[in-house]
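Each chain, written out:
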Amino acid sequence: SSLMKEFSSSLRRELSNSLTTEDDPQHNSRGLIVYEECTVQSIHLPDHPIVPVYAASYPGSGAQMTHYLYEALTGIPASDCYVARGDDHLFITLKTHYPAKSDNVRGAEEMDRAILHLRNPLNAFPSYASFKFEVHNGLPDHTVHAPAKYWMEWRNENFEEELKNWVNHLEY
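Residues numbered from 1 in each chain as written. Predicted model: local features only at pLDDT ≥ 70, side-chain atom pairs only at ≥ 80, totals over all residues. Heavy atoms only, no water.

A few words now on helix H2 (residues 63–74). Here H2 is 12 residues long and its end C-alpha atoms lie 16 Å apart, about the 16 Å a rise of 1.5 Å per residue gives. On the buried face of H2, the contacting elements are strand E1 (53–57), strand E2 (79–80), strand E3 (93–96) and strand E4 (114–117). (Helix = DSSP H or I, 4+ residues; strand = E, 2+ residues; numbered from the N terminus. Expected span 1.5 Å × (residues − 1). Contact = heavy atoms within 4.5 Å.)

Here you go:
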């Protein structure tokens, strides 16, 4: 649509304006280059009880990476629905893949905010297949891409169901 093209063009323009070079006196004070030096000094429990935010995503969408970003931005630990509850009051976010996967957050009655993390299924599906490959082969998470043969078999067996799960997650 023309609105989407206009938005895309505007975003591209903004991103190119925010990039700096080493010759620019503003090099270390604005734009994307600044993030090269971002470090997390410490993660600590909150000073007072907090209600976490749902961090909802379809598997393979980069939720683990954003999990670390939430911690880096706030200094407060993030968790997931496998090890924490919504009523623990200790975490900035709780990652969930619900409803794409049946891992509903326990103790979620107080949680009233959400971040919906979306990734195009053309990218999320191969990433999720790689995760499944790692689990199947006893490999650490986020360390390898599944071989092409594994990906094609996984895709052929799971595509229709996973597409339904991705759409269900989006519409929920």
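From this point, the narrative continues.
In space, the 4 strands of this open sheet follow the order E2-E3-E1-E4, with parallel pairing throughout. Of all the strands in the sheet, just E2 and E4 have a single pairing partner and so form its edges. Taken together, the 4 bridges between E1 and E3 define a ladder with parallel strand orientation. Residue pairing across strands places Val53 opposite Thr93, the latter belonging to E3. (Pairing = 2+ DSSP bridges.)

End to end, helix H3 (residues 121–136) covers 22 Å across 16 residues, agreeing with the expected 22 Å (1.5 Å per residue, within 8%). Where H3 begins, the capping side chain belongs to Asn120, and its oxygen is found 2.8 Å from the backbone nitrogen of Leu122. (Polar contact = N/O pair within 3.5 Å; in protein donor to acceptor, adjacent residues only side chain to side chain.)

Moving on: the packing of aromatic side chains. The final tally for this structure, using the stated rule, is 7 aromatic pairs. Each ring, one from Phe133 and one from Tyr150, has its centre 5.1 Å from the other, and the planes form 70°; the classification is edge-to-face. Residue Phe133 is found in helix H3, and its partner Tyr150 is found in helix H4 (residues 148–171); the two are separated by 17 residues along the sequence. Judged by relative accessible area, which is 15%, Phe133 ranks as buried. Measuring from ring centre to ring centre gives 6.0 Å for Trp151 and Trp154, while their planes differ by 25°; the resulting arrangement is stacked. With Trp151 and Trp154 both in helix H4 and 3 residues apart, the pair spans about one turn of that helix. Its relative accessible area of 22% is what places Trp151 among the partly exposed residues. Members of the aromatic cluster, joined through ring pairs, are Tyr58, Phe125, Tyr128, Trp151, Trp154 and Phe159. (Phe/Tyr/Trp six-rings, centres within 6.5 Å; stacked < 30°, edge-to-face > 60°. Buried < 20%, exposed > 50% of the residue type's maximum accessible area, 1.4 Å probe, protein only.)

Let us now look at the packing of H3 against H4. With their axes 10 Å apart at the nearest point, H3 and H4 run at an angle of 120° to one another. With respect to their mutual orientation, H3 and H4 come out oblique. The two elements H3 and H4 cross, and the hand of that crossing is right-handed. Contacts from Pro121, Phe125, Pro126, Tyr128, Ala129, Lys132 and Phe133 in H3 reach Tyr150, Trp151, Trp154, Phe159, Glu162, Leu163 and Trp166 in H4. (Axes fitted to C-alpha atoms, helices over the stretch in contact; angles between N-to-C directions. Parallel < 35°, antiparallel > 145°, perpendicular 65-115°, else oblique. Left-handed = near helix turned anticlockwise from the far one by under 90°.)

What follows covers the side chain of Thr93. Tracing the backbone shows Thr93 in strand E3. If we ignore the near neighbours within four places in the chain, the residues touching Thr93 are Pro52, Val53, Ala55, Tyr70, Ala78 and Ser79.

Right, let's talk about the pattern of salt bridges for a bit. Applying the stated criterion across every chain yields a total of 3 salt bridges. A salt bridge links Arg113 to Asp112; the shortest N-O distance between them is 3.9 Å. Overall, the relative accessible area of 65% leaves Asp112 in the exposed class. Note that Glu153 and Lys149 form a salt bridge whose closest N and O atoms lie 3.1 Å from each other. Separated by 4 residues within a single helix, Glu153 and Lys149 lie in helix H4, roughly one turn from each other. (Salt bridge = Lys/Arg side-chain N within 4 Å of Asp/Glu carboxyl O.)

Quick look at a nonpolar patch on the surface now. A contiguous nonpolar patch, built from Met65, Leu69 and Leu73 and spanning about 360 Å² of accessible area, is present on the exposed surface. Its location among the elements puts Leu73 in helix H2. Judged by relative accessible area, which is 72%, Leu73 ranks as exposed. (Patch = residues over 30% accessible without salt bridge, like charges linked within 9 Å, V, L, I, M, F, W, Y side chains within 5 Å. Areas by Shrake-Rupley, 256 points an atom, 1.4 Å probe, with all protein chains shown as cover.)

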